[in-house]
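If you want the building blocks of each chain, they are given just below.
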Amino acid sequence: MKTAVISATGLWTPPESISNEELVASYNAWADNWNIAYATDIADGAVEPKTHSSVEFIEKASGIKSRHVMDKEGVLDPGVMAPRIPERSNEQISVMAEMAVHAARQALERAGRKPEDVDAVICAASNMQRAYPAMAVEIQAALGCSGFAFDMNVACSSATFGIQTAADFIRSGSAKSVLMVNPEICSGHLNFTDRDSHFIFGDVATAVLVEEESIAPAGYWKILGTKLKTEFSNNIRNNFGFLNRAAPEGVGSPDKLFVQEGRKVFREVVPMVATMIGEHLGELGMSGTDLRRMWLHQANANMNRLISSKVLGREATEDESPTVLDTYANTSSAGSIIAFHKHSGDFKAGEKGLICSFGAGYSAGTVLVEKTA
Ligand code: COA
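Throughout this document, residue positions are counted from 1 along each chain, in the order its sequence is written. Where totals are concerned, whole chains, interfaces and linings use all residues; where local detail is concerned, this predicted model gives features only for residues with pLDDT of at least 70, and gives and counts side-chain atom pairs only at 80 or more. Heavy atoms from the whole structure form the basis of all side-chain values; hydrogens and water molecules are not counted.

## Quick look at the sheet that holds strand β8 (residues 221–230)
- Criterion used throughout: strands pair if DSSP finds at least two bridges between them. A run of DSSP states H or I qualifies as a helix once it reaches four residues; a run of E qualifies as a strand once it reaches two. Both are numbered from the N-terminal end. Ordered in space as β5-β4-β6-β7-β1-β8-β13-β12-β11, the nine strands form an open sheet in which the pairing is mixed. The sheet is open, and its two edges are formed by β5 (148–152) and β11 (291–296), each paired on a single side. This sheet shows a mean twist of 25° between the axes of neighbouring strands, independent of strand direction.
- As defined by bridge partners, strand β12 (residues 352–359) adjoins strand β13 (residues 363–371) across eight bridges and the pair is classed as antiparallel. Across the sheet, Phe-358 pairs through a bridge with Ala-364, a residue of β13.
- Of the strands in this sheet, β8, β11, β12 and β13 are in contact with helix α9 (residues 262–283), which crosses β13 at around 40°. Orientation is described by axes fitted as lines to C-alpha atoms, over the contacting stretch for helices, and by angles from 0 to 180 degrees between their N-to-C directions. Pairs of residues are marked as contacts when any of their non-hydrogen atoms sit within 4.5 Å.

## Comments concerning the UniProt feature "domain: Beta-ketoacyl-[acyl-carrier-protein] synthase III N-terminal" (unreviewed entry) in the chain
- In this numbering, the UniProt entry assigns the feature "domain: Beta-ketoacyl-[acyl-carrier-protein] synthase III N-terminal" (unreviewed entry) to residues 150–230.
- Within the segment residues 150–230, helix and strand shares are 19% and 40% respectively, and the terminal C-alpha atoms sit 21 Å apart. UniProt positions are given in the numbering used here, feature names are shortened, and annotations may be inferred rather than shown by experiment.

## Topic: the site of the ligand
- By nearness alone, 20 residues border the ligand, and Ser-53, Arg-195, Gln-260, Arg-263 and Asn-300 come closest of all.
- What qualifies as a polar contact is a pair of N or O atoms within 3.5 Å, subject to a donor-acceptor requirement within protein and to the restriction that residues adjacent in sequence count only when both atoms come from side chains. Here a nitrogen atom of the ligand sits 2.9 Å away from a polar atom, N or O, in the main chain of Gly-262.
- Computed with a 1.4 Å probe, the accessible areas rest on the Shrake-Rupley method; for each residue, only the protein chains presented here act as cover. Calculation on the ligand without its partners gives an accessible area of 970 Å², and the protein chains cover 71% of this total.
- Listed by contribution, the elements that provide at least two residues to the shell around the ligand are α3 (55–62) and α9.
- In terms of residues, the shell around the ligand owes the most to one element, α9, which gives four residues.
- Only Asp, Glu, Lys and Arg are considered charged, only Ala, Val, Leu, Ile, Met, Phe, Trp, Tyr, Cys and Pro nonpolar, and every remaining residue, Gly among them, polar. Residues of the shell around the ligand, tallied by class, amount to 10 nonpolar, seven polar and three charged. For this description, a residue counts as near a given molecule or strand if any of its non-hydrogen atoms is within 4 Å of it.

## Focus: the packing of aromatic side chains
- Stacked, edge-to-face and tilted are the three classes for Phe, Tyr and Trp ring pairs, Trp counted by its six-membered ring, which pair at centre distances within 6.5 Å; planes under 30 degrees apart are stacked, over 60 edge-to-face, the rest tilted. Per the stated rule, a full pass over the model turns up 12 aromatic pairs.
- For the pair Tyr-27 and Trp-30, a centre-to-centre distance of 5.7 Å together with 45° between the ring planes defines the contact as tilted. Highlighted residues: Tyr-27 and Trp-30, both in helix α1 (residues 20–37), separated by three residues, approximately one helical turn.
- Directly above the ring of Phe-347 sits Arg-292, whose terminal nitrogen or CZ lies 5.4 Å from the centroid. The criterion for a charge sitting over a ring is simple: Lys NZ or Arg CZ within 6 Å of the ring centre, and within 35 degrees of the ring normal.

## With respect to the packing of α1 against α3
- Between α1 and α3, the shortest axis-to-axis distance is 9 Å and the interhelical angle comes to 125°. Taken together, the axes of α1 and α3 lie oblique to each other. In this structure, α1 crosses over α3, and the sense of that crossing is right-handed. Residues Asn-20, Glu-21 and Val-24 of α1 touch α3, and the partners they reach there are Val-55, Ile-58 and Glu-59.
- The class makeup of the residues in the contact of α1 with α3 is three nonpolar, one polar and two charged. An angle counts as roughly parallel when it lies under 35 degrees, as roughly antiparallel when it exceeds 145, as roughly perpendicular when it falls between 65 and 115, and as oblique in every other case. Helix crossings are classified by the rotation of the near helix relative to the far one: an anticlockwise turn of less than a right angle makes the crossing left-handed, while a clockwise turn makes it right-handed.

## What about the side chain of Arg-171?
- Locating Arg-171 in the fold gives a position in helix α7 (residues 158–172).
- At 3.4 Å, the side chain of Arg-171 forms a polar contact with the side chain of Thr-226.
- In contact with Arg-171, other than residues within four places in its own chain, are Met-1, Lys-2, Gln-164, Ile-223, Gly-225 and Thr-226.

Next comes the structure, spelled out in structure tokens:
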């Protein structure tokens, strides 16, 4: 069996960013307008008034301070409360493919790889630009890669599932160089009028080049092992789909956007992921103390603190479990890859780390890597 490695990663960050203060001011203005519009119903006791969101709550409950977005103006406009991203013609590259291409180019440049040397492109994300043609095929064409391409969606776990899929192509010999990209416009599925979750997500694109060891550039990351897990849960859902396009009340209803039972997610996912990491380390004859760093999914700082504590048997330092969620928020599949991309330059040969994602499904994935010289 061939050995799969990570040759390089890429990151593209939208230039616009929204602070908690800006987001809360916009939500509160929307809530005040809503309360005026429904004043009679509120006075009759038919509906509850909307209460204000708070910057302090958001930072304490999640660790998020700001998030990058594709359209700041639409999100912050109390009359819109959503990104306004103009539709593009079929002759133009789609906006999500374009984001992925930026991140992919960076990964290819860092690996010294030409697009034509790539055998496969996997676009792994929690929301796709459209049903078909696959975004991955569009990205393949825009870059000039050869071989084949396809999209896959495992919500927040898409990137680790994508890495295992790419690594399996390498291990089996069906490809030597696989580009795995994660464009995420999470602001598109976020209900900015839901006080419980309006602060959670941000937009970004990441790329990971997974290759056969013999062709990888010096300093690559050897993939020691990958492990995936799914367990059905209704606690994180988005019911949007092609079968509800005909129901006007359906398309605009909150369940066609991201919804979650945040408390249950917290309670159920933390032990599931910590156990899975322990099992995966055990299978490879390793333990938490063998890890120089964990690049965990970036959904919630408190969740990450608990997971890393369970793995290490003590609280992890910021160096051992870095956070990017403060400035990126939850970027779904891309979160752990942003953390890996930004916080891996100081690794020495022989040091080991863990990329880990978790999210809707439930789904979770672990990728153990070792830095080489
Ligand atoms: N501003 C101010 N207060 C708010 C608020 C806001 N934006 N949103 C909720 N609150 C209030 C609630 O009304 C509640 O008040 P009450 O106690 O008087 O009823 C209180 O804060 C606690 O709300 P709750 O929703 O239980 O907060 P929480 O501590 O569970 O934190 C999450 C919420 C979403 C941050 C947290 O549950 C979480 O991170 N869960 C996991 C989410 C996750 O990772 N999902 C994966 C997505 S891929």
